[in-house]
Amino acid sequence: MAETYEVIVVGGGFAGIEAAKKLGRAGVRTLLVDVHGYHQFQPLLYQLATAQIGVSELARPLRSIFRNQPSVRVLTARVSAVDPERRSITLSDGTVYEADDALIVACGAEANFFNTPGARENAYPLYSATDATRLGSELVALLDQADKDTGQKSMNVAVVGAGPTGVETAGAIADAINYVVPKLFAGGLAKRCSVALVDMVDRTLGGFSEKSQAYAASRLVERGVRLKLGSAVTEVRKDGLSFADGATMDADLVIWAGGLKAGPLLRESGMPQGRGGRVDVGKDLTAPGYDGRVYVLGDAANITDDRDERLPQLGSVAKQSGAWAARNILAQRAGRPTEPFGYKDRGYMAMIGRGSAVAELGRSRRLVRGPAAFMVWLAVHLALLSGASQKARALVSWIFTYLSHTRQHVFVGSPEQAAVEEGADRPAA
Ligand SMILES: Cc1cc2nc3c(=O)[nH]c(=O)nc-3n(C[C@H](O)[C@H](O)[C@H](O)COP(=O)(O)OP(=O)(O)OC[C@H]3O[C@@H](n4cnc5c(N)ncnc54)[C@H](O)[C@@H]3O)c2cc1C
């Protein structure tokens, strides 16, 4: 017979841990399962990939987060199937667990390559600490190769997708080329390095205001980022990109920040999938059917606000949806009705690079740009990071990196070694 818990949570991301914390505080017997033994803070992945911070700044052991909540059991395992009818999960070793009261599916998303030929094989996604480590190792390896081959070899990086992730990544690489490479490598290597940001739409930072988009584009160009906007990538090759307008671009490394879609767990769950393969949840965050006892949260769900507008895949949406689902589950257990999700919109922000960021604050989208937004970005991300020691280390790393123009973090192992992770998509060697 399957072991039972009152609530089962799949995924220890923003949504899953927020739900489990609230349930744990109420003493609910909860099982939290994640394939990794740690929570990872995705907004700082591009900083891990560019060695501005180390892995222990953005990842925190799940067992440490729940050390004072005895009713929450943390299990490190891959969930291979969820059965919403039975509110059960099956692990990759065949073990089955059932939830008496509610099943929460908060398994995040994965890179969406939109069937672009060669993208899955040749581009580097940036969705996990493993992705960021592999990407960082490859960047360092390319710089070392170019350094050995004085005067000849170059290092050209192309970032596909000019949303916040692409902008932040391209800006960070440009800053490394402008400030760090000249300091750490001799012989004018920086002049042989370049970074391009490409997108099928003709602007950066889709979803932000036109002013923010124009500001981001001008600051990126100022830093030396080549923009190629308004033409779709039709192929990713080992040595570059092809575009719908017939153009080509040489690249030693292609980073994919082109979008997200639901992972295989949702596809095979039988739950009806909407845009991006995500589950269209009701106002109270439950999947339609299943007696209102199956919640789908964060990046795995299409969640709407009180104006029926679809909310973006953001940490704040995931976090708040986790807390709200727990609140609804506690209400159900007490025989009270669930309530529609009340999202508190705090706005958007994106880092462009040293001293430059944009923030559109609150529902009114009050625009802040430049050094002020840079400071707001740092403060907000520091506050959101999980764990006091993670926050302290990130702050020290940021100060050191900003003042010294060097890097203090290393990537242990080759890009190929960093790629060894069960079940993940890998670029071809
Ligand atoms: C590079 C990047 C930068 C971002 N920057 C920002 C930003 O600046 N601001 C912002 O608000 N948002 C940002 N986001 C978005 C934000 O990080 C996500 O919206 C948020 O992490 C979603 O939380 P989640 O809990 O739904 O999923 P996730 O955080 O992805 O967590 C899902 C968890 O489920 C686990 N899991 C998945 N499948 C299984 C399985 N089969 N078995 C067991 N466990 C499984 C995973 O290991 C993971 O821990 C960024 C995202 C990325 C990728």
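Treat the numbers as computed from the prediction; the structure is a model and nothing was measured.

Colleague: Hey, could you go over the domain arrangement of the protein chain for me, with residue numbers and the actual values?
Modeller: Each domain of the protein chain was delimited in the assignment, giving domain 1 (3-35 + 77-111 + 261-333) and domain 2 (119-258 + 347-418). On a C-alpha basis, the centres of domain 1 and domain 2 stand 31 Å from each other. On the domain 2 side, the residues contacting the 11 residues of domain 1 number seven residues. Note on domain 1 versus domain 2: buried area summed over both sides is about 690 Å², and carbon and sulfur give 47% of it. Scanning the region where domain 1 abuts domain 2 turns up two salt bridges. Taking the shortest distance from any N to any O, the salt bridge between Asp 305 and Arg 363 comes out at 3.8 Å. Summed over the shared surface of domain 1 and domain 2, the number is three residue pairs in polar contact (both at pLDDT 80 or more). Along the lines of polarity and charge, the residues of the side of domain 1 that touches domain 2 split into four nonpolar, one polar and six charged.

Colleague: Run through helix H10 (residues 315-333), naming residues and quoting values.
Modeller: Relative to the 27 Å expected for 19 residues at 1.5 Å per residue, H10 spans 27 Å between its end C-alpha atoms, a close match to the ideal helical length. Within the sequence span of H10, burial applies to Val 317, Ala 318, Gln 320, Ser 321, Gly 322, Trp 324, Ala 325, Ala 326, Asn 328, Ile 329, Ala 331 and Gln 332. Tucked inside the fold, the buried residues of H10 contact strand S1 (3-10), helix H1 (14-25), strand S8 (96-105) and strand S20 (294-296). Among the residues trailing H10, Gly 335 stands out with phi positive, at a value near 80 degrees.

Colleague: I'd like a description of the packing of helix H11 (residues 370-384) against helix H12 (residues 388-404), backed by residues and values.
Modeller: The interhelical angle for the contact between H11 and H12, taken along N-to-C directions, is 155 degrees, at an axis separation of 9 Å. When the axes of H11 and H12 are compared, the pair comes out roughly antiparallel. Once H11 is placed against H12, the crossing between them reads as right-handed. Taking contact as the criterion, the partners of Phe 374, Trp 377, Leu 378, His 381, Leu 382, Ala 383 and Leu 384 in H11 are, on H12, Lys 391, Ala 394, Leu 395, Trp 398 and Tyr 402. Tallied by class, the residues present in the contact of H11 with H12 amount to 10 nonpolar, one polar and one charged.

About the thresholds
- Residues numbered from 1 in each chain as written.
- Predicted model: local features only at pLDDT ≥ 70, side-chain atom pairs only at ≥ 80, totals over all residues.
- Heavy atoms only, no water.
- Domains from an automatic or database assignment.
- Contact = heavy atoms within 4.5 Å.
- Buried area = accessible area lost by both parts, 1.4 Å probe.
- Salt bridge = Lys/Arg side-chain N within 4 Å of Asp/Glu carboxyl O.
- Polar contact = N/O pair within 3.5 Å; in protein donor to acceptor, adjacent residues only side chain to side chain.
- Nonpolar A, V, L, I, M, F, W, Y, C, P; charged D, E, K, R; others polar.
- Helix = DSSP H or I, 4+ residues; strand = E, 2+ residues; numbered from the N terminus.
- Expected span 1.5 Å × (residues − 1).
- Buried < 20%, exposed > 50% of the residue type's maximum accessible area, 1.4 Å probe, protein only.
- Axes fitted to C-alpha atoms, helices over the stretch in contact; angles between N-to-C directions.
- Parallel < 35°, antiparallel > 145°, perpendicular 65-115°, else oblique.
- Left-handed = near helix turned anticlockwise from the far one by under 90°.

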